[in-house]
Amino acid sequence: MTTLFISPGACSFAAHVLIHELQLPITVERVALGREDSPYRQINPSGRVPALLLDDQTLLTENTAILPYLADLQPGTDLFAVAGSVERAQIQGWLGYVATEVHVGAFRPINRPERYSVDEAAFPGIRQRALQQLTNALKPIEARLAQTDYLVGNRFTLADIYLGVFAGWSARAGVLADFPALQAFLGRYRARESVLQTLHSEGLA
Ligand SMILES: N[C@@H](CCC(=O)N[C@@H](CS)C(=O)NCC(=O)O)C(=O)O
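Attention here is on the structure that accompanies the text. All figures in this text were calculated on a predicted structure; none of them were measured in a lab.

Once that is clear, we can look at helix H7 (residues 180-191). When the terminal C-alpha atoms of H7 are compared, their 17 Å separation across 12 residues agrees well with the 16 Å that a helix rising 1.5 Å per residue should span. Tucked into the core, H7 has its buried residues touching helix H1 (13-22), helix H5 (123-145), helix H6 (158-173) and helix H8 (193-201).

What follows is about the side chain of Glu202. Looking at the secondary structure, you find Glu202 in the segment after H8. The side chain of Glu202 is buried and forms no salt bridge, while Arg30, the nearest opposite charge, is found at 7.1 Å. Reaching out from Glu202, the side chain makes a polar contact with the side chain of His16 at a distance of 2.7 Å.

Before going further, it helps to spend a moment on the packing of H7 against H8. Direction vectors running N to C along H7 and H8 enclose 75°, while the axes themselves pass 5 Å from each other. It follows that H7 is roughly perpendicular to H8 by the angle criterion. Seen from H7, the contacting residues are Tyr189, Arg190 and Ala191; seen from H8, they are Glu193, Val195 and Leu196.

This part takes up the sheet that holds strand E1 (residues 3-6). Taken together, four strands build an open sheet; the order of strands is E2-E1-E3-E4 and the sheet is mixed. Two strands bound the open sheet, and with one partner strand each, they are strand E2 (27-30) and strand E4 (59-61). Each strand axis lies, on average, 25° off the axis of its neighbour in the sheet, ignoring direction. In the sheet, E1 pairs with strand E3 (residues 51-53) via three bridges, with the strands oriented antiparallel. Residue Thr3 lies in a different strand from E3, and its bridge partner there is Leu53. The strands touched by helix H3 (residues 63-72) are E3 and E4; relative to E4, the strand with the most contacts, the crossing angle is about 115°.

Definitions and limits used
Residues numbered from 1 in each chain as written. Predicted model: local features only at pLDDT ≥ 70, side-chain atom pairs only at ≥ 80, totals over all residues. Heavy atoms only, no water. Helix = DSSP H or I, 4+ residues; strand = E, 2+ residues; numbered from the N terminus. Expected span 1.5 Å × (residues − 1). Contact = heavy atoms within 4.5 Å. Buried < 20%, exposed > 50% of the residue type's maximum accessible area, 1.4 Å probe, protein only. Lys, Arg positive; Asp, Glu negative; His and termini not counted. Salt bridge = Lys/Arg side-chain N within 4 Å of Asp/Glu carboxyl O. Polar contact = N/O pair within 3.5 Å; in protein donor to acceptor, adjacent residues only side chain to side chain. Axes fitted to C-alpha atoms, helices over the stretch in contact; angles between N-to-C directions. Parallel < 35°, antiparallel > 145°, perpendicular 65-115°, else oblique. Pairing = 2+ DSSP bridges.

Structure, rendered in structure tokens:
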């Protein structure tokens, strides 16, 4: 049985939403993050989520790999696009952008400033710069969503599933007032049945 490892509300939320969207027969298992002694480290030495353990015990990591892999389990799904198409490249472009500019570029220093300095006194400054970085990173997203409801092809795709996680985190970070189109997007995202199901199964409803 294929298993997706998640932590409630973490970036693994996107893969969990996708499982509900496609109704894939995949077991979802919660793990505790940040525990060096967790048995999960035997499966994934980095201790991070998401991770997808396939039937043959191959481990896939990284949202940018897991989301396309899961979507390809259902060829022809509207959530992705056919190999070789421009839309597929655009969806992958947004996955890369969100993973690097938004998640690691902005939210990592906001959430984990200790990874950027050993000096606790530096943490507020790191967070402040990272919030600025978040604002910069959200600008191209806001520009796109001001034109169409979704990032690619005017339909809900993997790119939106992934963005939805960080739209929620951005709301928590208090920056969404400056991004009305992203705020409206978050409203549409949270109204989706798959997202409601995921919030419920992760105990966040
Ligand atoms: N680049 C990875 C990032 C994964 C990641 O950082 N996951 C976080 C949760 S959002 C995590 O597991 N943090 C625990 C840790 O770093 O120890 C991806 O997109 O899959």
